[in-house]
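Structural characterization, general
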Amino acid sequence: MAEPLKNLLHPGLVKEMATHISRAAPDFDGGRFTELATAGMDALELMQRADRIRQALAQTLPADYPAAAGILHRALPAEGRPGLSGWALLPVNQFVSEYGLAHFDLSLALLKALTPHFTAEFGIRRFIHADEDRALAEISGWVTDPNHHVRRLASEGTRPRLPWAMRLPGLVRNPHPILPILVALLDDPEDYVRRSVANSLNDIAKDHPALVADFVERHIEGASPERRQLLRHASRTLLKKGDAKALANFGFAAARGIEATLAVATPVVVFGDKLGFSIDVTNGDTTPQRLMIDYAIHHVKANGTLAPKVFKWKQLDLPAGARQTITKDHAIRAITTRVYYPGTHRIEVLINGTISASADFDLRME
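Residues numbered from 1 in each chain as written. Predicted model: local features only at pLDDT ≥ 70, side-chain atom pairs only at ≥ 80, totals over all residues. Heavy atoms only, no water.

**Some details on the pattern of salt bridges**
- What the rule picks out here adds up to 19 salt bridges.
- Between Asp187 and Arg227 there is a salt bridge, with the nearest N and O atoms lying 2.5 Å from each other. Of the two residues, Asp187 is situated in the loop between helix H11 (179-184) and helix H12 (191-205) and Arg227 in helix H14 (residues 225-234); the sequence distance between them amounts to 40 residues.
- Arg227 gets classed as buried once you look at its relative accessible area, which sits at 17%.
- Arg346 serves as the salt-bridge partner of Asp360, at 2.9 Å between the closest nitrogen and oxygen. Residue Asp360 is located in strand S8 (residues 354-364), and its partner Arg346 is located in strand S7 (residues 343-351); the two are separated by 14 residues in the primary sequence.
- On the basis of relative accessible area, Asp360 is assigned to the partly exposed category, the value being 38%.
- Arg346 gets classed as partly exposed once you look at its relative accessible area, which sits at 27%.
- One connected set of salt bridges, linked through shared partners, spans Glu121, Arg152, Glu156, Arg159 and Asp203. (Salt bridge = Lys/Arg side-chain N within 4 Å of Asp/Glu carboxyl O. Helix = DSSP H or I, 4+ residues; strand = E, 2+ residues; numbered from the N terminus. Buried < 20%, exposed > 50% of the residue type's maximum accessible area, 1.4 Å probe, protein only.)

**Quick word on the environment of Ala213**
- Tracing the chain through its elements places Ala213 in helix H13 (residues 209-220).
- With relative accessibility at 3%, the residue Ala213 sits in the buried group.
- Spatially, the C-alpha atom of Ala213 lies 9.6 Å from that of Leu231, the residues being 18 residues apart in sequence.
- Those residues in contact with Ala213, other than ones at most four positions away along the chain, are Leu238, Asp243, Lys245, Ala246 and Asn249. (Contact = heavy atoms within 4.5 Å.)

**Some points on the sheet that holds strand S2 (residues 268-270)**
- Spatial ordering of the open sheet is given by S2-S8-S7-S4-S5, a layout of 5 strands whose pairing is mixed. Pairing within the sheet leaves two strands with one partner each, and these edge strands are S2 and strand S5 (306-318). The average angle at which neighbouring strand axes cross in this sheet is 30°, direction not considered.
- In the sheet, S7 pairs with S8 via 9 bridges, with the strands oriented antiparallel. The residue bridging Glu348 from the neighbouring strand is Ser358, located in S8. (Pairing = 2+ DSSP bridges. Axes fitted to C-alpha atoms, helices over the stretch in contact; angles between N-to-C directions.)

**Let's talk about the layout of surface pockets**
- Considering only enclosed or pocket space, the largest pocket measures out at about 230 Å³ in volume.
- Lining the largest pocket are 13 residues, with Gln94, Ser97, Phe122, Arg126 and Met166 sitting closest to its centre.
- Every element with two or more residues in the lining of the largest pocket is listed here: helix H3 (46-60) and helix H5 (89-99).
- At 4 residues, the largest contribution of residues to the lining of the largest pocket is made by H5. (1 Å grid on protein atoms, 1.4 Å probe; cavity = no way out; pocket = protein on both sides within 12 Å on 5 of 7 lines; lining within 4 Å. Points joined across faces, edges and corners; volume = space filled by probe spheres on them.)

**What to know about the sheet that holds strand S1 (residues 258-264)**
- The 3 strands are arranged S1-S3-S6 in an open sheet whose pairing can be described as antiparallel. The strands lining the two open edges of the sheet, one partner per strand, are S1 and strand S6 (323-331). Adjacent strand axes in the sheet meet at a mean angle of 20° when their direction is disregarded.
- Bridge count for strand S3 (residues 274-283) against S6 is 9 bridges, and the pairing is antiparallel. Across the sheet, the residue bridging to Leu275 is His330, located in S6.

Below, the structure written as structure tokens:
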């Protein structure tokens, strides 16, 4: 069984934090900090543990925020010397976010300094929400920073719908202010940064599909393989929904004369086993066609209704008059993002965004 996420923050890590902070400030009461931060920790989940440590920092660092920020900055790794890093910096993000708004520039500088050692995408968002123009004016300058972690922070920290983090309603409504940041990083040499750009664009597509489809159209002509991959990843939600403009951006037109027959090899699936199915696809048109074939599983919810989840499957160039069979095994097992319920489920095959075949299967929780 996988280790619980909450154990990423544990008493041993708290003691290490106390050591690093004490090095930066010899009068820091590491013992009291450790006692406060670990009190009742076993019963707390990850973000609750982070908040408990954040509170302990507030109770043991100087009440003067610039002085506290200076200590935390000096406690970071430097010149081969160990320091605060990894998950220990999650509560530091929270500390800066909670207490640093009145010292805007100082706090942004601290978040920029700590992001190479973990990330500051969580801490930076309250500053964007509080003063979007001021924050983005500073963050926009990070797109040329020599450190790729800082460049990634420019895109990841400004994502409108960043998971695990506060949403940025202003950028959800109007994402145009962050588009120059994303354009500047389209051809970043680091895949780590480019994937962040793609994820930000995909966030935007959930609220502004036409904006992202148009963005991709403007930037795909003559694109390098790396940029093309970025734009494809950025379009994943639109492609799954069969957005015509997004499909056209990658050479997929509306399917013509396509016949599809779906066969389910396992009409009854026991939880933990695999759903097996295949599809025969025939191109009845007189011209070759490029096909994007996906499938959606409509899972039974607790109230008995069905909710679809689309999965990527295969890209196929099918000559005129040709027929091809493709097969798939889809595992149905315990995952953290879904609760399974018994009953009749439905599978649909989508070809270039259009439902082309469907069938039912029963799931048993034995």
